[in-house]
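One letter stands for each residue in the lines below.
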Amino acid sequence: MQEFLIKDITSNDVKSEIAYIGFDKSYLAKAVDKFNYKNIKVYGLTPAQANILKQTALSVGADCATHREVITGKIEKSDCILGGSFAQIRKIADKLKFQPLNLKSLGSILSDNLAGMSHKTKIMGILNITEDSFSDGGIYLDPTKAFEHFKEMVNDGADIIDIGAESTKPYSEPVDPQIQLERILPILDLVKKEKIKVPISIDTRSSLVAEKCIKAGAKIINDVSGMTYDWCMADVVAKYGVYVIIQHTKGIPQNMQDKPMYKNLMDDIYLDLVQKIDFAETKGIAKDKIIIDPGIGFGKTREHNFEILRRFEELQVLGCPILLGLSRKSLLDMQYEDNQTKDIFTVALNSIAIEHNVDIIRVHNVRLHKQLIKMLNV
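We now turn to the structure provided with this report. Within each chain, residue numbers correspond to sequence positions counted from 1 in written order. Predicted model: local features are reported for residues with pLDDT of at least 70 only, side-chain atom pairs are reported and counted for 80 or more only, and whole-chain, interface and lining totals are derived from all residues. Hydrogen atoms and water are omitted, and side-chain values are computed over all heavy atoms in the structure.

Structural notes on the pattern of salt bridges
Here's step 1: Any Lys or Arg side-chain nitrogen located within 4 Å of an Asp or Glu carboxyl oxygen qualifies as a salt bridge. For the coordinates displayed, the defined rule picks out 17 salt bridges.
Here's step 2: Ionic pairing is found between glutamate 166 and arginine 205, a salt bridge with its closest N-O pair at 3.1 Å. Taken together, the positions of glutamate 166 in the loop between strand S5 (160–164) and helix H7 (177–193) and arginine 205 in the loop between strand S6 (200–203) and helix H8 (207–215) put the pair 39 residues apart, joining distant regions of the chain.
Here's step 3: The exposure class assigned to glutamate 166 is buried, which follows from its relative accessible area of 5%.
Here's step 4: Relative accessible area decides the class of each residue, using a 1.4 Å probe on protein chains only: under 20% of the type maximum gives buried, over 50% gives exposed, and in between gives partly exposed. A residue is classified by how much of its surface remains accessible, and arginine 205, at 4% relative accessible area, is buried.
Here's step 5: For the salt bridge of glutamate 211 with lysine 239, the shortest nitrogen-to-oxygen distance reads 3.3 Å. In this pair, glutamate 211 sits in helix H8 while lysine 239 sits in helix H9 (residues 233–240), placing the two residues 28 residues apart along the sequence.
Here's step 6: Residues participating in the shared-partner salt-bridge network are Glu148, Lys151 and Glu194. Numbering goes from the N terminus for both helices and strands, where a helix is a DSSP run of H or I of at least four residues and a strand is a run of E of at least two.

Re the sheet that holds strand S9 (residues 290–293)
Here's step 1: Strands sit in the order S9-S8-S7-S6-S5-S4-S11-S10 across an open sheet of eight strands; the sheet is parallel. Edge positions in the open sheet fall to S9 and strand S10 (323–324), since each of these has one partner strand only.
Here's step 2: One bridge is not enough; two strands pair if DSSP finds at least two bridges between them. Judged from the four bridges that link them, strand S4 (residues 122–128) and strand S11 (residues 360–363) form a sheet pairing that is parallel. Opposite glycine 125, over in S11, you have valine 363 as the bridge partner.

Concerning the side chain of histidine 248
Here's step 1: With respect to the element layout, histidine 248 can be found in the loop between strand S8 (243–247) and helix H10 (265–282).
Here's step 2: Take histidine 248: its relative accessible area is 4%, and that puts it in the buried class.
Here's step 3: Contacts described as polar in this section are N or O atom pairs within 3.5 Å, which, within protein, must combine one atom able to donate a hydrogen with one able to accept it, while residues neighboring in sequence count only if both atoms come from side chains. Within the local environment of histidine 248, its side chain forms a polar contact with the side chain of lysine 300, the two groups lying 3.1 Å apart.
Here's step 4: Leave out the neighbours within four places in its chain, and histidine 248 touches Tyr262, Asp268, Ile269, Asp272, Leu273, Lys276, Asp293, Pro294, Gly295, Phe298 and Lys300. Contacts were defined at the residue level, with two residues in contact if any of their heavy atoms lie within 4.5 Å.

What about helix H12 (residues 339–355)?
Here's step 1: Look at H12: 24 Å from first C-alpha to last across 17 residues, which is about the 24 Å you get at 1.5 Å a residue.
Here's step 2: Check the buried side of H12 and you find it contacts helix H11 (302–311), S10, S11 and helix H13 (366–376).
Here's step 3: Note on H12: the residue one or two positions beyond its end, asparagine 357, has a positive phi of about 65°. Here a helix's expected span is defined as the number of its residues, less one, multiplied by 1.5 Å.

Some thoughts on the packing of helix H4 (residues 86–96) against helix H5 (residues 103–115)
Here's step 1: Working convention: axes come from line fits to C-alpha atoms, limited for helices to the stretch in contact. Angles between N-to-C directions cover 0 to 180 degrees. Where H4 contacts H5, the two axes come as close as 7 Å, and the packing angle between them is 150°. Viewed along their axes, H4 and H5 adopt a mutual orientation that is roughly antiparallel. Once H4 is placed against H5, the crossing between them reads as left-handed. Residue-level contacts link Phe86, Ile89, Arg90, Ile92, Ala93 and Leu96 of H4 to Leu103, Lys104, Leu106, Gly107, Leu110, Ser111 and Leu114 of H5.
Here's step 2: Basically, the charged four are Asp, Glu, Lys and Arg, the nonpolar ten are Ala, Val, Leu, Ile, Met, Phe, Trp, Tyr, Cys and Pro, and anything else, Gly included, counts as polar. Considering only residue class, the contact of H4 with H5 consists of nine nonpolar, two polar and two charged. Each angle gets one of four labels, with under 35 degrees taken as roughly parallel, over 145 as roughly antiparallel, 65 to 115 as roughly perpendicular, and the rest as oblique. A crossing counts as left-handed when the near helix is turned anticlockwise from the far one by less than a right angle, and as right-handed when that turn is clockwise.

Points about the packing of H12 against H13
Here's step 1: The interhelical angle for the contact between H12 and H13, taken along N-to-C directions, is 40°, at an axis separation of 10 Å. When the axis of H12 is compared with that of H13, the two are oblique. The crossing of H12 and H13 is right-handed. Every residue of H13 that contacts H12 at Asp343, Thr346, Val347, Asn350, Ser351, Ile354 and Glu355 is listed here: Leu368, His369, Leu372, Ile373 and Leu376.
Here's step 2: Residues belonging to the contact of H12 with H13 are distributed by class as follows: six nonpolar, four polar and two charged.

Geometric descriptors of this kind do not, in isolation, establish any biological role.
See the structure below:
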């Protein structure tokens, strides 16, 4: 028998593990920050700023990786990776508040990043009123059938219903806004008539469709183009003060799957969403009305999609709720004909997202995911 027994702790609940060994309860809250660790990427620092950040990190026992030429000043900018315990990063943030070169602002941002956000995962049910959606195209074109499915998802526990009348699957063609409205508005009329209160999201790239549906009761606009397909979209969202889902998409449906490539996947998604959030705010859209979506399946390979699933938490620093939509998507190798099998794979993958505190999951099978969330919250 070996003299010393050791094992890794993989639980995110470090506080419970520390308490379990009999640690002093009066100091427990502070101690936890010494056992939680973060790696934070800081973009575009000058050599002087990067050097100060690195020296500040070293002074508290943490570290900061910079470009090799930062010390010589031969480069104009360097990205930096700051690594340390929560306690160390908090000390770094406090020290930066007394440093020059606008590093006080960086200190405040680091403090806000540590504060974090905690949300219970919400379920967005999908209602496709389309002819060619990859999963259920043509099934709900009849308003009566569509509304019955709407009510079924509400009864199954959907927190939001996302209604779309234009498929944006790979190589799909745009649908005229008037056709979209002819499909969607009868459903919204029935919802209003029966006084159903669940928030409704409209999956559209058209500002005309968005405005008409908002007037008919929609509370969220889900624009897979990130408000770049129709440049009037941001004005409409701002005018009515509704929520907007801003998605990262590489290209348009007709070409987005033609060998998509990235220099650095998560960096590219992050920087694109930063730009789109900034644009939205300049148009008068409040930050607390923005939801972000990294766009699984939109200009991504299978490998890209799984990397997003593993790393989407990196986008939490943007300060917006995160939505993931991977339900039944073939790019996750769901090549089966029957939706029941696809739903099993979807639930398995979404369980990873829920365990990592995703804010919203967009799914076809609401009942199954409601059961999953109840099980994981035990």
